[in-house]
Every structure is written in C-alpha cells, then in structure tokens.
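Summary of structural features
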Amino acid sequence: MLKRLFFIVIIALCWQSVSAQHIQSPAEFLGYRAGEKFTPHYRVVEYFKYVAGVAGNVKLQQFGTTNEGRPLIAMFIASDDNIKRLEEIRQNNLRLAGMENGAIMPNQPAITWLSYNVHGNEPASSEAAMWTLFDLVDPANTATKEWLKNSVVVIDPCLNPDGRDRYTNFYNSVRGMLPDASPTSREHLEPWPGGRVNHYYFDLNRDWAWQAQKETQARVALFNQWLPQVHVDFHEQGYNNPYYFAPAAEPYHKDITQWQRDFQVTIGKNNARHFDENGWMYFTKQEFDLLYPSYGDTYPLYSGSIGMTYEQGGIGAGLAVVTRNGDTLTLAQRIAHHRTTGLSTVEIVSQNATKVVDEFKKFYDNSRQNPPGVYKTYVIKNDNNEKVNELAKMFARNGIQYGYGLTNKSITGYNYFTGATEQYTVNPNDLVVNAYQPKSVLLHVLLEPKTFIPDSATYDITAWALPYAYGLKAYGIKESYKPLASSWSVPKPQPLTNTRAYAYVSAWQSIADVRFLSALLKKKIKVRYAEMPFEAEGKKFTAGSLLITRAGNEKIDFDRVVTQTAADMGHEITPLSSGFVDKGSDIGSDDVRFIRQPRVALVTGDGINSEAMGEVWHFFEQQIGYPVSLIRYQDINRTKLNDFDVIIMPDGRYNDLSSDNLQSWIRDGGKLIAIENAVAALVDKKGFNIKKKENKKDDKADAKSKPVIKIYADRNRDAIRSSIPGAIFKLNMDNTHPLAFGFPNYYYSLKLSDDIYELLGEDDWNVGTIEKNSYVAGFAGVQSKQKLNSGLLLGVQSLGRGSVVYLVDDPLFRSFWENGKLLFSNAVFMVGQ
Ligand SMILES: [Zn+2]
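Residues numbered from 1 in each chain as written. Predicted model: local features only at pLDDT ≥ 70, side-chain atom pairs only at ≥ 80, totals over all residues. Heavy atoms only, no water.

Let's talk about the packing of helix α17 (residues 511–522) against helix α25 (residues 820–830)
Relative to each other, α17 and α25 sit at 30°, their axes nearing to 9 Å. Comparing their axes, α25 and α17 come out roughly parallel. By crossing handedness, the relation of α17 to α25 is classed as left-handed. The residues of α25 that touch α17, namely those facing Ile511, Val514, Leu517 and Leu521, are Lys821, Leu822, Ser825 and Phe829. When the residues that make up the contact of α17 with α25 are grouped by side-chain class, the tally is six nonpolar, one polar and one charged. (Axes fitted to C-alpha atoms, helices over the stretch in contact; angles between N-to-C directions. Helix = DSSP H or I, 4+ residues; strand = E, 2+ residues; numbered from the N terminus. Parallel < 35°, antiparallel > 145°, perpendicular 65-115°, else oblique. Left-handed = near helix turned anticlockwise from the far one by under 90°. Contact = heavy atoms within 4.5 Å. Nonpolar A, V, L, I, M, F, W, Y, C, P; charged D, E, K, R; others polar.)

With respect to the packing of helix α5 (residues 86–96) against helix α9 (residues 214–226)
Two elements in contact, α5 and α9, have axes whose closest approach is 7 Å; the angle formed by their N-to-C orientations is 80°. When the axes of α5 and α9 are compared, the pair comes out roughly perpendicular. Across from Leu86, Arg90, Asn93 and Leu94 in α5, the residues of α9 making contact are Asn224, Gln225 and Trp226.

Details of the pairing of strand β19 (residues 503–506)
Neither face of β19 is left uncovered, since the one carrying Ala503 and Val505 and the one carrying Tyr504 and Ser506 both have all their residues buried. When β19 meets strand β24 (residues 574–576), the two strands line up antiparallel, connected through three bridges. Along β24, the bridge assignment pairs Ala503 with Leu576. Pairing geometry for β19 and strand β23 (residues 546–549), over four bridges, is antiparallel. Residue Val505 lies in a different strand from β23, and its bridge partner there is Leu547. (Buried < 20%, exposed > 50% of the residue type's maximum accessible area, 1.4 Å probe, protein only. Pairing = 2+ DSSP bridges.)

Description of the confidence of the model for the protein chain
In the predicted model, the protein chain carries a mean pLDDT of 93, and the fraction of residues at 70 or more is 93%. Counting contacts from residues 11–19, a segment whose pLDDT is below 50, to residues more than four positions away or on other chains yields zero contacts. Counting contacts from residues 699–703, a segment whose pLDDT is below 50, to residues more than four positions away or on other chains yields one contact. (pLDDT = per-residue confidence, 0-100.)

Some words on the nonpolar core
Core analysis: the biggest nonpolar cluster contains 231 residues, and Phe620 and Ile648 have the highest contact counts within it. Sorting elements by how many residues they give to this core places helix α6 (residues 124–137) first, with nine residues. Contact partners of Phe620, with chain neighbours within four places excluded, come to Val600, Gly625, Tyr626, Val628, Ile648, Phe824 and Val828. Of all hydrophobic cores here, the second largest spans 15 residues; its members include Ile89, Ile111, Ala218 and Trp226. (Core = buried A, V, L, I, M, F, W, Y, C linked by side-chain atoms within 4.5 Å.)

Quick look at the coordination of the zinc ion
Note on metal sites: the ideal angle is 109.5 degrees for four tetrahedral donors, and 90 or 180 degrees for six octahedral donors. Protein ligation of the zinc ion involves His119 (ND1), Glu122 (OE), Glu122 (OE) and His235 (ND1), the donor distances falling in the range 2.0 to 2.4 Å. Bound by four donor atoms, the zinc ion shows angles of 57 to 156° at the metal and therefore irregular coordination geometry. Mapped onto the polypeptide sequence, the residues donating to the zinc ion form the spacing pattern H-x2-E-x112-H. In this pair, Glu122 is assigned in the loop between β3 (110–116) and α6 and His235 in strand β5 (residues 230–238), connecting sequence segments 113 residues apart. (Donors = N, O, S within 2.8 Å, 3.2 Å for Na, K, Ca; no water. Tetrahedral: all angles 85-135°; square planar, octahedral: opposite > 155°, others 65-115°.)

Next comes the structure, spelled out in structure tokens:
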C-alpha cells in the first residue's frame, strides 16, 4: 500500500516537472490552428490567464473594463530575474524620465510595448498577440529567452474588445460551412456601425491625448505609469494593400527627434529583413504621417517612445478573401505577418537596448532642460473655475505638471485670442504651466498656437491648440516662471442650509452648469433662464443664467432638493430673496423663459456617420447624464415624432430625405438640430431656408476658357488646394441669442470642411458668422480659404411654432473641443423656448 502511494507521488512529481517545461500554444489551448477561426475576446483573455498560471516569467494585470464590461488586460514578460523586480524596473524607468525622484539603477532593461486591435474590425491583431506571447514564453524558444535578458515586453492583446467582438460575432454569424473568399459575399461587408469603433462609436486611435473614452483613460494611465521606450500599434488596412510599417510618412512634427526618426528606420529595416527572407510585400514612408497627437504612434513619440504603426492588409477580409491581383489572402497569413513584426521589433530593441534606454533618458533630460518652442511659460486666465478645472484634469491625465499664480504678477506674453503681445496681470487662481518639465514635448504640441504644417497632404486634423478648444484666454511667455503654488484648491461653494429663497441662480458657462441643469430636470424641477443679463442683490448675472424659482416647484421640498443637488455636485448657486431685481428684467418678466424638459431623439443607422452620432450619444449618457432615444433614419417617416421635442440629425448621408413628416412636426413646435452634412441635406427642401454658398466664379478665368493642363504627378498636391483637414476659424457670435449664451461675442470653431452657407433672411438668426481674416490656425487649402471669407456657420430658423438649428461643423468632434459642448447644449436646452 505504502509502496503504491510512493509510486503515485513519484509519477505526480514527474508529470509536474514535465508540464512545467511545456506551455500550450494558442492552437493547443484553443483547439484550432492559427487563422482557422476568429477567437472571441473572452477566449483571448483565457489564454493570457492560462499563460500567467503556467509561465514563471510573466505578470498579468487587468487595468480596466470596457463600456460593455469586458476586461482590459496587459501582460508583462521579462527574464526570471527581472520579473521579480518588475516594480523596481518601472520606478527606475520613471526616474530616467525625471517623473520620479531617486537614485537611478544601472542595467535598466528596455521596455517594448505591443498594442493590438485598437480598431475592432482589424482582428488579425489579437490573434497575433496570443502567438507572440507564446513565442516569448515558450521554453523551447531560445532566441526570445536571449532577448528577454535586457528587455521587458508588454502585450496588450486588445485595446478595443467591444469593437472586436462586434466584428467577430458578425462574421461568425454570417459565414457558411467554409469561408467564402469572394469579395462580394456578405461576410466581407460589415453592417452599420462596424467593429472599428468602441461601444460609443469612438475611434480609439484618435483618442490618446483627449482620453474621452474609458478604455483610453485606463490605458493611458497605465502607459504613463511605465513610459515604454518603444510602442507598436498593430492595425489592419484595406486588404489589397501590402504590409506597412514605419518609418512613417511626412509630415513629421518638428519636435520628433533625429534619434526617434533614426530608430524608426532601424526597426523598419529589421522588419524588412524578415519580410525579404519570406518574399512578403511591404511599403514604408507613405500615407501614415506623424502630426496629430492622439494616435498610438504620435502620442508615444511625444512621450519619448519610438512610436510605430504596423498595418496588415485585412479589413473585411474574413478568414479568406480574393484580392485585386487574384491571390487569396488568409487570416493565417495576416497573423504570420503581425507575429513576425512583433518579434522582429523585440529582437532589434534587444540588440540596441543600452542605446535605446540612454536615448530615452536624453529625450527626457532635454525635455526638462531645453523644452521645445518659444514659450517657456503658459498662463491660462481663470474666468471660470469649472472650465479651468476641465483643462487641469486633462493635463493631469497626460502627466503634464501645472500650478497656479505667479510671484511677479505682471507678465508680457502672446495673447492667443488677439494674436498680439500684451501685458497681463496674473491672478492667484490662473493656471500656470512651466515648460521645463518631463512632458514638455507633449505640452508644446498641445499648446503651440499654430502647428507647423508642411505643405503636404496629411491624414487628419492639423489644429488643436487647447486654449481655442477650451475657450480659455491664454498667454505664451518667453521667460520661464514657476507657478506660485502647486495646487490652488478651488474654494468649495458653501453648502446652503436653512435657506428659504424666492429663486436660485446658477451660471451658464460650462459643461458643469449643463450637468446641473440635467440633474434638476431629471428630478422634475422646473428651471428657467434669463434671456437678458441682470443684477440682483449686488451680483451680476449674464444672459443664459439658470433661474430655479419657488413658483412652479411648490410641490417638492424646494429649498432642500435644489441646495442638496448643488452641494452633491459641488456646484455654486446664489439664493435670491426677492423677484425684484436691481438692474434688468424681474424674475417674473417675459424675459425669463421657461425651459421645457426636452424629450430628445437622435437619428442613427445606415447612412449616418456613426462616429458623429456616437459623440452625441456619449455626450448625453456619459457627460451630462440626460436621457436620449436612438431612432433609425429609415424609420423617421413612420415614427410618432410627437413623442419628442428635439430631434438631432448628426453628420451623415441622408439619401432620399423626405422632409414632410419632419416639417409638420417642426411646425407643431418641434426643434430640429442639423449638424454637418445633415445641414446640406436640408438645402432645397421645402420650408428650410438654408442655402449653400458657392465659390464665386473667376470671370477672367471664364473668359479665357482655355483648358488647364494638369500635371499627373502633381495630382495629390492639387487636391489639397480645396481641402481642410481640420483648421481653426474665429466666428463672430451674436451672444444675445440663446444659441450663443455663455460665450463672448466670438467663438473658435474647428472647421472640418470648407462648407459654408449664405446668411439667412431677416426672419431668421445668423448667430455664428465669419468674414475675411477669420482663419486662425491649421491647414486650409488656398481655394478653401478663399471660399471661407464670409457666410453662415451657426444659424437658427423659425418654422411654424418650432425651429431649426443649423450647426455647419461638429461641436462635439471627438469630444475634445470642450467649448463646443456648451454650444451644443444651447441648441438642445436654450434655443426656441
Ligand atoms: Zn486601424
């Protein structure tokens, strides 16, 4: 008996030691070969968990969850020795960057971070992530063991799990027994909205700096706790394209260093070597530029990493597809390519680890001692605590250090809003950012008034300077000044107790005020707004200020509910003891308008720009907490529109728009908000007064009527003459109109196209207009600039008892144009009351 037990123990021990030497490949674990099936996200996670359980040299971390509840994970892979001191390596790396104090230890390994599947319908990425992990932990793989001696590798297998599962669920649900490689079969044509974007239809590869989405917030927080030396973002592109890897295309932002450019080439050449060995096609230096700061390559570059984009051909390719040149591209091939570049990158970084770490330190030394740009201090004027707080939070999320106030109170600097050098007296609550700090490159990219734009086509918007985006007055100062205090605690509004007010007043100037309104409306509290500025009890209030009167709210425990709501939100309100005001119209006057609690519908579905629609959806649900109903465009003529007070038509192709149902609903008192191409869709529709402004024909050119001989090789350059990839224009605002409440008499708009409209007639309101010299920053083609010299960009038309709001550009674009949120809220809550 004892003998038998001994025997079992021996067998168990042997079995254990054998199993420790074998780690299952994804194929063994999942039960199918690479590329045979798409792996659902939860199975990808299970494989990572499995490896974390059996491999000794890894650490798995869940760092967040998606909107749909899926985990966001990162695996750290290192040598047996380094994995034990992983936290020490992390802290040491931050010391190299000057983000943490302390003695720097020698032998710092280089950190290579591999990010997969940020676009959900580029699914070869996550499959390749599992295989790359396996290669790095497989005990039989001696090459990777060698690389891990001086490298830490981080694998994030899926940056966008909700989007990935949307795509793979679609594909799996429509494929037949065998994949159909014919490009016209439905498995290659994703239905709206597609898997590229996350739950709220945001493109997560446009969100790195803004972090509007929870996936990005969680990821960038982790990224900034580590600051890897190399970051790779794995994508797929159209399936007819050969593989792309960096070095990137021009334009490069001029803050990208020579070392960063050179090492992109070094990495690229190593990838090329492996691709050459296999005879695989690839291209470099084209199409994917390095300017806009919210990509998975530029954001790391501006944070001292070597940021790389890798693109496999594969969007819509399913498990197999016949390409333009007649070859069949399979998922297995796509995985093999990504697996190769991932490992090739780890290999070349390992071969240069000491240099890579040294140069990383140099980047940060230079950032702290010799920051880029002419301005060494930025002062943001604090006209509104809540607006400044939003910017401060954004800086904090990006690791940008800031403070408040200055010792020397008077400064001379470049005024962003006038474009002139002026003197300014600094207040103790003004936000002050000194450029001599670790993240000075990112700071410069985000704050330089005019991004340097070479005259070449770019992939994206070319202007984003934060003072314009946030609508905050700012000064750029050439001297270096340290802020007076590291923090300036905003005085918390004293919670009101035992008040008995005739009415309470709230400001209407920021998204925080909109959130307060939303909270009150959801509690069925009746709210009004002042159409004119007024003064009461020694205080001045601007047009648009919210008035919550006892009258109409008697049924509820009025004072307690209003003051408690304000206190819960840290929101400042002013009690008024009387409706008799010192200046302006009394509270009971006609100039104080009642805000009907709007029932809001948002048009969605086929033809609608899903990202534009998603921005509105996210705004209501996640930013102001107000209900919104989503209705399909195809149903708009059979939906009972009378269930809604406001209908929002986001950007989209509104083919065959029949406006009769809409028009009669507006005439009955509805309010239609049309944005971007929804405005264009209303041109020439009966009842709608909006007219496109066309470029005036050049008479002389007409007279000559000689055909222009174009040069074929110049075709790309010619095309950009009439393009605007996103530039800043200054609008004149009629801020007495509710659509412009809370704004000065100007507004900086991000212009996303050269669309512009004729001024509306005398019965309607031209609220936001431009004239000559309204251009501020960013790339705008010669022809586009000529066209944008006068006309309408924000307008309101009355139609029967209702109204139409025309917003020619998207005020919620990627949710980073902070000041546009108030404009949009005006359209929803203030116009037409
Ligand atoms: Zn992509």
